[in-house]
Amino acid sequence: MEEIIFITLISVLALSFISFNVLATSTHIEEAMRHTEAAMTSTDGHSIASHATDAITHARAAYDDKENKINPIEVDEALRFLNSAINEGNNAKVEAAQEAARKAHELFKFAK
């Protein structure tokens, strides 16, 4: 009897954990937005470039996301601004890099 209760308890915990993970997942475009926000608030050029690079990775993955449709035109334009943020950040032009990241973030809002 104790074995059945134990197995039932483990099963309920496992299902709860799986259900929580399903609810807690983010789309690639949301992850791209998070990295873009981090780039916008970073005060170091290399940090901005790093966050912008991560944002690009997620934005490109969003093209293949079948469940969450995006506007590819807006994402394409956002990618151009993120590339600009990387270049400006690597050249220590922090304000220009932050501005490029801000523009990319605005475009991601419309891409969702």
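This text goes with the structure placed above it.
What you are looking at is a predicted structure, and each value in this text was computed from that prediction instead of being measured.

Draft legend 1. Quick peek at the packing of helix α3 (residues 45-62) against helix α4 (residues 72-90). Relative orientation of the contacting elements α3 and α4 amounts to 155 degrees, with a least axis distance of 8 Å. When the axes of α3 and α4 are compared, the pair comes out roughly antiparallel. Relative to α4, α3 is oriented so that their crossing is left-handed. Across from Gly45, His46, Ile48, Ala49, Ala52, Thr53, Ala55, Ile56, Ala59 and Arg60 in α3, the residues of α4 making contact are Val75, Leu79, Leu82, Asn83, Ala85, Ile86, Gly89 and Asn90.

Draft legend 2. Unusual backbone geometry, seen in detail. Even without being a glycine, Ala92 presents a positive backbone phi close to 60 degrees. Along the chain, Ala92 falls in the loop between α4 and α5 (94-111). On the basis of relative accessibility, which here comes to 60%, the residue Ala92 falls in the exposed class.

Draft legend 3. Molecular detail of the nonpolar core. Grouped together as the largest cluster of nonpolar side chains are 25 residues, with contacts concentrated most on Ile29, Ala59, Val75, Leu79, Leu82, Ala85 and Phe108. Within the residue set of this core, elements represented by two or more residues are α2 (28-41), α3, α4 and α5. In this structure, Ile29 is in contact with Ala62, Ile70, Val75, Phe108 and Lys112, ignoring residues within four places of it in sequence.

Draft legend 4. Layout of the packing of α2 against α3. Look at α2 against α3: their axes get within 8 Å of each other, and the N-to-C directions meet at 165 degrees. In terms of axis orientation, α2 runs roughly antiparallel to α3. Seen along the crossing, α2 lies across α3 with a hand that is left-handed. Together, His28, Ile29, Glu31, Ala32, His35, Thr36, Ala38 and Ala39 of α2 and Ile48, His51, Ala52, Asp54, Ala55, His58, Ala59, Ala61 and Ala62 of α3 make up the contact between the two elements. Grouping the amino acids of the contact of α2 with α3 by side-chain chemistry returns 10 nonpolar, five polar and two charged.

Draft legend 5. Looking closely at α5. With 18 residues, α5 should cover 26 Å at 1.5 Å per step; its first-to-last C-alpha distance of 25 Å lies within 8% of that length. Contacts made by the buried residues of α5 are with α2, α3 and α4.

The rules behind the values
- Residues numbered from 1 in each chain as written.
- Predicted model: local features only at pLDDT ≥ 70, side-chain atom pairs only at ≥ 80, totals over all residues.
- Heavy atoms only, no water.
- Axes fitted to C-alpha atoms, helices over the stretch in contact; angles between N-to-C directions.
- Helix = DSSP H or I, 4+ residues; strand = E, 2+ residues; numbered from the N terminus.
- Parallel < 35°, antiparallel > 145°, perpendicular 65-115°, else oblique.
- Left-handed = near helix turned anticlockwise from the far one by under 90°.
- Contact = heavy atoms within 4.5 Å.
- Buried < 20%, exposed > 50% of the residue type's maximum accessible area, 1.4 Å probe, protein only.
- Core = buried A, V, L, I, M, F, W, Y, C linked by side-chain atoms within 4.5 Å.
- Nonpolar A, V, L, I, M, F, W, Y, C, P; charged D, E, K, R; others polar.
- Expected span 1.5 Å × (residues − 1).

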